Every structure is written in structure tokens, then in C-alpha cells.
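What follows is the residue order along each chain.
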Amino acid sequence: MNLNDRAVVTELDPKGILALTEGFPAQCREAFEIASRVDAPKLENRPGVVALAGMGGSGAGGDFVRAIFEAHGGAPFIVVRDYAVPSYIGVGDVVFCASYSGNTEETLSAYASAKKSGARIVAVTSGGKLKEQAEADGYTVYLVPGGQPPRTALGYMMVPVLVACHRMKLIPDPEIEKAIALLETCGEDWGPEAKDNDAKALAGKMHGALPIIYGLGSWQGYIANRWRCQINENAKHLAFVNTYPELNHNEIMGWVGATGQSVGRYVGVVLEDGSESVRMKARARVTEGLIGETCSFTHVPALGETLLEKMLTLAHYGDYVSVYLARLNGVDPEDIGSINRLKDELAKVS
Ligand SMILES: O=P(O)(O)OC[C@H]1O[C@](O)(CO)[C@@H](O)[C@@H]1O
């Protein structure tokens, strides 16, 4: 299949997931402008905990912010992918409720629990019940443009949280515009017109295989999870994710049996910064040696200098891979039939 022909790549993509992927840098820029016009909450004291409640693509945005807090932040930051915020959240804490549609049941339920806890709530949404409730309750709302699949709205959902946290003096300047400028150059290498294209090549390796995506460290693991979600939803393709060094304490033994198991072909990906410690690099090298021919690993290094540049470029690369893999699999990247059927069934459960 000729993935160098845009018409071929978009043949099964009537809703334009490829175009939305290409538009990600512009989306981040627009989100930055929107967020810059909104007053962030004024905090009297530093919160004990900052949380972000969100599912799927909206939860992924929380992981990016979490990584920045873990590297440079002034409070613990947790991502809640569940119906309620933890019991230790209370008055003085900050809870971002992020739902692009504004109608995701788990996030609306987490919103209700956060409200009960007395925490300061900030909503990020394009509308729906979350907008209605947060406005009625008098909380800060970052309102972003609607009308696209939530997983393609990562910029809209993440950038306002970063801007708000910076303005609340919880993180140093994440240099968002610098990261966007770098993102704007990536389409030349990974976009549909780029012929010598590593993203297309990696999608080709994943086609007919089970991708195993390892992060060479914690934030790299968060991005690996975003890759998995995009590969699952866009390409209708299973993928497994793990993170160094934890996988050296368990999953490495799973590979011992994998050679004889009839799973088919595995293809490995390691997402890395490039400046990991000597010991972390050694872990990847030795692990790959032990796994041997059962699975060969492609290392994908992050681009840029800042943590945000590195995370966004690695995630953008994975988004392209997932769209090319969707085409190779012969599926519409927009279709989420099973998710919708699940929601229909759940609607019958009281
Ligand atoms: O951001 P939202 O609208 O809450 O959606 C969260 C997630 O739910 C889904 O719409 C599927 O139910 C995902 O595509 C999305 O990432």
C-alpha cells in the first residue's frame, strides 16, 4: 500500500483524523491563546494535592501535566480515571475536571465528588453537562471549541491546565510556545507527504504484530500509554505498555514463555529521552538481549530540550503511527463502535 499518497491514507478517514493530527500544533497554539484570556483561580495557600479527573484522551492530558509536576512542581499531582476523587482530597486542594464532550459519566461523577470534598474545581471542556454544572456552581471554566473526537483534542484539554498551573505558581513556565514551535516542524518528517518517514515505517512493522511499547522512565511511560490509547482507538489494534525499571521486576520473565506462545509476531518500541542514566540505558540493552529474536525493538528518541517539547513530540509521533496503522488495518480511524455500544448498554443499567 502506498502510504505516500495522501488519497490512499485518507480513503477510510471521512471524518479527517489525519487532518486533525496534522492540525495538532495549531490546536495547541489556539488553546494557549484561549487559556491566556481566562483568569486562573487565585489560591490563598499552596494546595496539598492537585488532581485532574478525566478519561481517555482527557486523562492523557493529565499525565503530561503530572510529569511536569513530578519534575518541577510545588505539589503532588494525581490523575483520577475513576468515578470519584480520593478521600484525601479536600478544602484547599485543586481538582481539574477535564472532559472534552462534557458528558463522560466517570468525569461528571468525579466532579460531583470533588464538589462535595470542598476542593477548588477548574473545568476544561467544550460544553455538555460539565460546562453547565461548573458555570452554575461558579467555578473557573476553560471553554474550548467542540466538534471533534476527544482523543484528537489533547492540545485543547492539556494546554489550559498547564497555563492555569503556571499562573497559580504551582509550576515554573513550561515554555508552551517553544514546544509548539518545535511541533510545527514535525509534520515535515512524519506527515503524509514525507516519503522517508519513520512513522510510516513503524506502522508497517506493527501491522500484523502485537506492539509492546516501553517507556524508558516514568514520563516516557505516560507517553507510551498515550500511544497505546491511540493505537487502540484509531487503529483498532491491541498494544501493551510498560515502563522501565518496573518491567525488569516482572514482565521480563513473561518473555521467557513468549517464544513458545502462539500470539504471533511482537514488535517492540522504546520511547526515550536520549539522556537517561547509564543504568537505565543498560537496563534496556540487557533486557532486549534477553528477549532476543522474539521481539526486536525500535528506539524512538524524543525531540527538543524541555520536558514539554519532549513529551509533545513523542506523543505526536505516536498519533501519526496510529493513523497510518489504521489505514494498513483497513479501518476508519474515527469509528468507536464498541465504545458506543458499551455506552448504550450501560444506559440501560440504573
Ligand atoms: O474527553 P471526554 O469527552 O470526556 O472523552 C473521554 C474519552 O471518552 C471517549 O470519548 C470514549 O468514550 C474517548 O474517545 C475519550 O478519550
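Remember, it's a predicted structure, so these values are computed and weren't measured experimentally. (Residues numbered from 1 in each chain as written. Predicted model: local features only at pLDDT ≥ 70, side-chain atom pairs only at ≥ 80, totals over all residues.)

**Comments concerning the packing of helix α4 (residues 56–72) against helix α13 (residues 307–329)**
No. 1: In contact at an axis separation of 10 Å, α4 and α13 are set at 155 degrees when each is read in the N-to-C sense. Viewed along their axes, α4 and α13 adopt a mutual orientation that is roughly antiparallel. Judged by the twist between their axes, the crossing of α4 over α13 is right-handed. For the pair α4 and α13, the contacting residues are F64, A67, I68 and A71 in the first and L307, L308 and M311 in the second.
No. 2: When the residues that make up the contact of α4 with α13 are grouped by side-chain class, the tally is 7 nonpolar, no polar and no charged. (Axes fitted to C-alpha atoms, helices over the stretch in contact; angles between N-to-C directions. Helix = DSSP H or I, 4+ residues; strand = E, 2+ residues; numbered from the N terminus. Parallel < 35°, antiparallel > 145°, perpendicular 65-115°, else oblique. Left-handed = near helix turned anticlockwise from the far one by under 90°. Contact = placed C-beta atoms within 7 Å. Nonpolar A, V, L, I, M, F, W, Y, C, P; charged D, E, K, R; others polar.)

**Some remarks on the domain arrangement of the protein chain**
No. 1: Domain parsing of the protein chain yields domain 1 (17–174) and domain 2 (178–329).
No. 2: Taking only C-alpha atoms, the centre of domain 1 and the centre of domain 2 are 26 Å apart.
No. 3: Domain 1 puts 20 residues into the contact, and the matching count from domain 2 is 22 residues.
No. 4: The greatest single-element share of the side of domain 1 that touches domain 2, amounting to 9 residues, is contributed by α4.
No. 5: Residues of the side of domain 1 that touches domain 2, tallied by class, amount to 12 nonpolar, 2 polar and 6 charged. (Domains from an automatic or database assignment.)

**What to know about the sheet that holds strand β3 (residues 94–99)**
Strand pairing in a sheet relies on backbone hydrogen bonds. The paired strands run either parallel or antiparallel.
No. 1: Taken in spatial order, the 5 strands make up an open sheet running β2-β1-β3-β4-β5, and their pairing is parallel. What marks the edges here is a single partner per strand, and that holds for β2 (77–80) and β5 (140–143). The average undirected angle you get between the axes of adjacent strands in this sheet is 15 degrees.
No. 2: Pairing of strand β1 (residues 50–53) with β2 involves 4 bridges; the strand directions are parallel. Bridging across to β2, L52 finds its partner in V79.
No. 3: Helix α6 (residues 128–136) contacts β3, β4 (120–125) and β5 of the sheet and is inclined by roughly 145 degrees relative to β4.
No. 4: Along the sheet face, helix α7 (residues 154–167) touches β1, β3, β4 and β5 and points at about 145 degrees away from the line of β4. (Pairing = 2+ DSSP bridges.)

**Re the pairing of strand β8 (residues 265–272)**
Here is the key point about a regular strand: its side chains alternate between the two faces of the sheet.
No. 1: Among the 8 residues of β8, 6 are classified as buried, and the element is accordingly described as predominantly covered.
No. 2: Note that strand β6 (residues 209–215) and β8 share 7 bridges and pair parallel. Across the sheet, residue L210 finds its bridge partner in β8, namely Y266.
No. 3: Pairing of β8 with strand β9 (residues 295–301), which is carried by 7 bridges, proceeds in the parallel orientation. Residue pairing for β9: V269 is matched across the bridge by T298.
No. 4: Tracing the backbone out of β8, into helix α12 (residues 278–291) and back to the parallel element β9 gives a crossover that is right-handed. (Buried ≥ 20, exposed ≤ 12 C-beta atoms within 10 Å, placed from the backbone. Right-handed = clockwise from strand over helix to strand, strands pointing away.)

**Focus on the UniProt feature "domain: SIS" (unreviewed entry) in the protein chain**
No. 1: Residues annotated in UniProt with the feature "domain: SIS" (unreviewed entry) correspond here to residues 39–185.
No. 2: Measuring from the first to the last C-alpha atom of residues 39–185 gives 31 Å, for a span that is 43% helix and 16% strand. (UniProt positions renumbered as here; feature names shortened; annotations may be inferred.)

**Details of the sheet that holds β8**
No. 1: Sheet architecture is open: 4 strands sit in the order β7-β6-β8-β9, paired in parallel fashion. Looking along the sheet, the strands with just one partner apiece sit at the ends: β7 (240–243) and β9. Averaged over all neighbouring strand pairs, the angle between strand axes comes to 25 degrees, with direction disregarded.

**With respect to the nonpolar core**
Generally speaking, soluble globular proteins have nonpolar side chains that are buried together.
No. 1: If you look at the biggest cluster of nonpolar residues, it comprises 102 residues, and the most contacted ones within it are A53, V95, C97, A114, V161 and M311.
No. 2: Among the elements that make up this core, the one with the highest residue count is α13 (13 residues).
No. 3: Viewed by domain, this core spans two of them, domain 1 (17–174) and domain 2 (178–329), each represented by three or more residues.
No. 4: Non-local contacts of V95, meaning those with residues more than four positions away in its chain, are made with A51, A53, V85, I89, A114, A119 and I121. (Core = buried A, V, L, I, M, F, W, Y, C linked by C-beta atoms within 7 Å.)

**Quick look at the pairing of β3**
No. 1: When you tally the buried positions in β3, you get 6 out of 6 residues, the bulk of the element.
No. 2: Here β3 shows no split at all, with V94, F96 and A98 on one side and V95, C97 and S99 on the other all buried.
No. 3: Pairing of β1 with β3, which is carried by 4 bridges, proceeds in the parallel orientation. The partner of L52 across the bridge, within β3, is F96.
No. 4: Bridge count between β3 and β4: 6 bridges; the pairing is parallel. Its bridge partner being in β4, S99 is matched across the sheet by T125.

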